[in-house]
Amino acid sequence: MGPAKAAARTISQSAFDEMVQENIDDLGMDPTEALEDAIQTLTIQGVDLSDLQSSEIFKENGGPKIVVGILSNEREDEKILDGCFSVIAAAATATVLKESFMDLKIDELIVQILKEHNGGSIPSIYDAIRVILSSDDNRVIASQVFGYARKFAKLGIAEVLVESLREGLNTPCLISASIALRAVAVNDEICRSVANSGGIDVVLRCLDDSGVQGNDAVARACCSLLSKLAGSDANKSIIVEKRGMDRLINLSARFSDDPSVLQEVMSIICTLCLRSPENAARAIESGAGDLAIQAMQNFPESDQLQRNSCFMIRNLVARNPENRKILLGNGIEELIRKAKQRHKSCKDAATDALRDLGIDNYNS
């Protein structure tokens, strides 16, 4: 058994409540002042306030307003800013508190602070964006979170987040900023605004560098972001024009032993080829067919990789009968049937791939 990891400084709900009560009893503060002082004091001390589970109490006692007030009044102190955003990221997870923060115009504050500071010195700000824009609470419907993303976008968050990525792998928060930008990119207009800000160039460069440096975490995060951006038909063309297919195949070669990266690469190629026979032809020329065959051969137990392979194969052949001959001639049918038999999660995707390959007994 390895050595235990050092635990982060935390505080229990009872200890936090006691601290607030002491501020009221000993220092004569009113409840709002007492709560604000406790949050600010513990934030400065680097205490993780996410073990505080009473989010409803936090809301009822004006917690969101207090945190936003601290953010507004302490704009120059990056340590306090980071602490406050960590509180927001914790509080807005699986609670209706994200609505409270949005009512307090946290979106405007986030954009302003990112413009004023290097986001790398306030890492929790990206976590706050991600959590606010995640539909992870059945009391907050997905369309409401979609509306939040559009509000962020109107303030220019896409352009600001692209700036956060420009230093590439030298950016300490590259992964969290990429995830935040992915959460923002909820529609075609926003995806195109990312491209117009140079975002596709930035992401492709980060992918290239991640391959050179062997940074699989960055490769996965940037692949996931690029896949989201490729949902825009206009962006598909931009990615392909910038040698995106070749660069993705090169990335897969550098991470040929990592199925978690390979499945992300195939997800992007799948999206790029959707309803685009030209892109499907380009993908085959770049080596996407060989990628699918080699990955399925090398990682038979990886259900997600096998499933993504089937999805990609469908889009490679759906409108390109010439690609069917190439893949069938290289033995893809047997690999798909094995995936169908081995993984329950692959059954539908494998069946559809066999059908689109033109195989008569695709259901067997």
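Under the annotation held in an unreviewed UniProt entry, the chain carries the name LRRK2 ARM repeat domain-containing protein and is attributed to Rehmannia glutinosa.

Attention shifts here to the overall build of the chain. In terms of regular secondary structure, the chain is built from 23 helices and 0 strands. On the principal axes, the C-alpha backbone points of the chain span a range of 80 × 45 × 40 Å. Within the chain, contacts between residues at least 6 apart in sequence are counted, and of these 71% link residues at least 24 apart. A total accessible area of about 16,900 Å² is found for the chain, and carbon and sulfur atoms account for 46% of it. Once the 39 positive and 53 negative side-chain charges of the chain are each reduced to a mean point, those two points are 10 Å apart.

The next point concerns the side chain of Thr 271. Structurally, the position occupied by Thr 271 is in helix α17 (residues 259–273). Using a relative accessible area of 19% as the deciding quantity, one classes Thr 271 as buried. A distance of 3.1 Å separates the side chain of Thr 271 from the backbone oxygen of Ser 267, its partner in a polar contact. In contact with Thr 271, not counting residues within four places along its chain, are Ser 227, Ala 230, Gly 231 and Lys 236.

The next subject is the packing of helix α14 (residues 216–229) against α17. Helices that pack against each other are described as a pair by the angle of their axes relative to one another and the distance between those axes. Two elements in contact, α14 and α17, have axes whose closest approach is 9 Å; the angle formed by their N-to-C orientations is 15°. Classed by the angle they form, the pair α14 and α17 counts as roughly parallel. Crossing of α14 against α17: the hand is left-handed. Of the residues in α17, those in contact with Asp 216, Ala 219, Arg 220, Cys 223, Ser 224, Leu 226 and Ser 227 of α14 are Ser 260, Val 261, Glu 264, Val 265, Ser 267, Ile 268 and Thr 271.

Below, the discussion takes up the UniProt feature "domain: LRRK2 ARM repeat" (unreviewed entry) in the chain. According to UniProt, the feature "domain: LRRK2 ARM repeat" (unreviewed entry) maps to residues 187–354 in the numbering used here. This span, residues 187–354, is 82% helix and 0% strand, and a straight line between its end C-alpha atoms measures 31 Å.

What counts, and where the lines are drawn
- Residues numbered from 1 in each chain as written.
- Predicted model: local features only at pLDDT ≥ 70, side-chain atom pairs only at ≥ 80, totals over all residues.
- Heavy atoms only, no water.
- Helix = DSSP H or I, 4+ residues; strand = E, 2+ residues; numbered from the N terminus.
- Contact = heavy atoms within 4.5 Å.
- Areas by Shrake-Rupley, 256 points an atom, 1.4 Å probe, with all protein chains shown as cover.
- Lys, Arg positive; Asp, Glu negative; His and termini not counted.
- Charge placed at Lys NZ, Arg CZ, Asp CG, Glu CD.
- Buried < 20%, exposed > 50% of the residue type's maximum accessible area, 1.4 Å probe, protein only.
- Polar contact = N/O pair within 3.5 Å; in protein donor to acceptor, adjacent residues only side chain to side chain.
- Axes fitted to C-alpha atoms, helices over the stretch in contact; angles between N-to-C directions.
- Parallel < 35°, antiparallel > 145°, perpendicular 65-115°, else oblique.
- Left-handed = near helix turned anticlockwise from the far one by under 90°.
- UniProt positions renumbered as here; feature names shortened; annotations may be inferred.

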